[in-house]
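A structural walkthrough
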Amino acid sequence: MSRSDELFARAKLVSPGGVHSPVRAFKGVGGTPRFMTGGAGATIRDVDGRELVDYCMAFGPLILGHGNPAVRDAAVAAIDRGWSLGTAEPYSLALAEFITARIPWVESIRFVTSGTEAVMSALRVARGATGRDLILKFDGCYHGHADSMLIRSGSGLAETAEPDSAGLDKATLGGTLVAQLDDEAALDAIFARHGGEIACAIIEPVPANYGLLLQRPAFLRHLAQLCRKHGALLIFDEVISGFRVGFQGAAGLYGIEPDLVTYGKVIGGGFPVGAYGGKRKYMELVAPVGPVYQAGTLAANPVAMCAGLAALEQLADGKVYAQLEALGAYLEQALGAIPGLTLQRAGSLFWTFLAADAAPIRSLGELKARGGKPFGPVFHRLLDRGIYLAPSAFEVGFLSAAHTTAHVDQLAAELRSALQGA
Ligand SMILES: *Cc1c(COP(=O)(O)O)cnc(C)c1O
């Protein structure tokens, strides 16, 4: 019995599934989750002291790698000053000014503690701004675990919705419409029917939670036009893509301005931070200026604000993104040459799909239709060889500024032999 087996057996007795977020339990790959104690640069260390090259990187926040010195120093200095104040303070101001000065469509921003909370709050602003009830989301996008977002399309009639979780009330189910990615005609039909009732459409402009379902920019522009025409707000959920595919996220990459945007992950430098922001006229609907209530005891925690700013300061000049794009292109070459594997990539986000078909996958329907080899054996083979991928076939991989071409060469070699040997 390994140390992780022993800890997992104990953890299951005191927490559901032994974890505090489901994907950590290894259900998608089988076996015992590896208990980790820390990380440095591109590597993560398990309880037995083994170092593994990490391509999960805490599911996205650690774009600079584990233990980035400037982020660490900023967090430690903040702790020394006092780690929770519950007052107005200068630290969130510095982060808010840093962001609003660099992202024109974010004129005003509010910090919360998770991506889920950011999405929940942005949806409330959209309903408050429009006086409408319906929310339009897309199958194949994840927006955290607010009730109204745990809805997927029904298997039967078009536009029917089904819950993705037990415990949702029926009213919630009726409030969310679900559309398919990559399908303009279906979107037109939904807006033709419900346009006047839709408060907002929310989308991951780089959908990165069910594989990497890269959208055609024309599809995103079509959605933006429909929203404008029908008076619905466009919310870009950039919790993964924000400060990741570029400092200005996917909105900057594609040149499409959302009305509201949500952030998480990278924005906190690895500490619990989420944020929602956008045009001033919408953000000033939020309490205490406006009637849309939203609050948080630990919101804008000084340690997290200072860590977030220290991270974003290293990203703002674009050099890290250029470095990550070059490494991503290198990875695309190396992994793209492996038989039986399809690679999809956006900057430092990548997704390996274990099927030979090289055509891009842009929707959940296509993803389900493709099939592909089981991921579990490949995952475990790489784990044995010192490589930690996110423990699910549908999670993307993350490169950080601490990864090198030597890491990528090793990944390519191990993936190649795993796929040949399996
Ligand atoms: C991770 C994620 C969320 C949820 O953020 P949490 O901090 O886990 O609550 C929401 N939207 C997207 C696009 C995400 O990737």
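As the structure is a computational prediction, the values presented were derived from the model and not from experiment.

The rules we used
Residues numbered from 1 in each chain as written. Predicted model: local features only at pLDDT ≥ 70, side-chain atom pairs only at ≥ 80, totals over all residues. Heavy atoms only, no water. 1 Å grid on protein atoms, 1.4 Å probe; cavity = no way out; pocket = protein on both sides within 12 Å on 5 of 7 lines; lining within 4 Å. Points joined across faces, edges and corners; volume = space filled by probe spheres on them. Helix = DSSP H or I, 4+ residues; strand = E, 2+ residues; numbered from the N terminus. Nonpolar A, V, L, I, M, F, W, Y, C, P; charged D, E, K, R; others polar. Domains from an automatic or database assignment. Contact = heavy atoms within 4.5 Å. Buried area = accessible area lost by both parts, 1.4 Å probe. Salt bridge = Lys/Arg side-chain N within 4 Å of Asp/Glu carboxyl O. Buried < 20%, exposed > 50% of the residue type's maximum accessible area, 1.4 Å probe, protein only. Near = heavy atom within 4 Å. Polar contact = N/O pair within 3.5 Å; in protein donor to acceptor, adjacent residues only side chain to side chain. Areas by Shrake-Rupley, 256 points an atom, 1.4 Å probe, with all protein chains shown as cover. Core = buried A, V, L, I, M, F, W, Y, C linked by side-chain atoms within 4.5 Å.

Summed over all chains, the structure comprises one cavity of 30 Å³ or more. If you go around the largest cavity, you meet 14 residues; those closest to its centre are F350, T352, L389, E395 and G397. When contributions to the lining of the largest cavity are tallied by element, the ones reaching two or more residues are β14 (349-353) and α14 (405-421). Here the lining of the largest cavity gets three residues from one element, more than from any other, and that element is β14. Grouping the constituent residues of the lining of the largest cavity by class yields ten nonpolar, three polar and one charged.

By a widespread convention, an interface's size corresponds to the accessible area lost as its parts come together. Structurally, the chain comprises domain 1 (3-55 + 317-419) and domain 2 (69-315). Placing the centre of domain 1 and that of domain 2 at their C-alpha centroids yields a distance of 25 Å. Contact with domain 1, which involves 21 residues of that partner, is made by 22 residues of domain 2. For the pair domain 1 and domain 2, the two sides together bury roughly 1,900 Å², of which 60% comes from carbon and sulfur. Among the residues domain 1 hides against domain 2, the three largest losses belong to Y321, R362 and L364. Together they make up 38% of the total.

This part is about the layout of surface pockets. Computed from the structure, the second largest pocket encloses a volume of approximately 590 Å³. Along the wall of the second largest pocket there are 29 residues; nearest its centre are S92, I109, R110, F111 and A300. When residues of the lining of the second largest pocket are traced back to their parent elements, those giving at least two are α3 (90-100), β4 (108-112) and α9 (280-283). By residue number, the principal contributor to the lining of the second largest pocket is α3, which donates five residues.

Under the counting rule described, the total for this entry stands at 13 salt bridges. Between D317 and K319 there is a salt bridge, and its shortest N-O distance comes to 3.7 Å. The burial state of D317 is the same as that of K319; both residues are exposed. Several salt bridges share partner residues, and in doing so they unite R152, E162 and D164 into one network.

This part takes up the site of the ligand. Every residue close to the ligand is listed here: S114, G115, T116, Y142, H143, G144, E204, N209, D237, V239, I240 and K265. At 3.3 Å, a backbone N or O of Y142 approaches a nitrogen atom of the ligand. In this structure, N209 approaches the ligand through a side-chain N or O atom, which is 3.0 Å from an oxygen atom. Contact with the protein chains covers 82% of the free accessible surface of the ligand, which is 390 Å². When grouped by side-chain class, the residues that make up the shell around the ligand number three nonpolar, six polar and three charged.

Judged by nonpolar contacts, the single largest core of 115 residues is most densely connected at I99, F111, F243, Y263, L312, L335 and L411. If you tally residues by element for this core, the top one is helix α10 (residues 302-315), at ten residues. Of the residues that make up this core, three or more belong to each of domain 1 (3-55 + 317-419) and domain 2 (69-315). When near neighbours in sequence (up to four residues on either side) are disregarded, L411 contacts Y55, L331, L335, F350, L382, I387 and L389. Membership of the second largest hydrophobic core comes to 20 residues, among which are V112, A126, I135 and V286.

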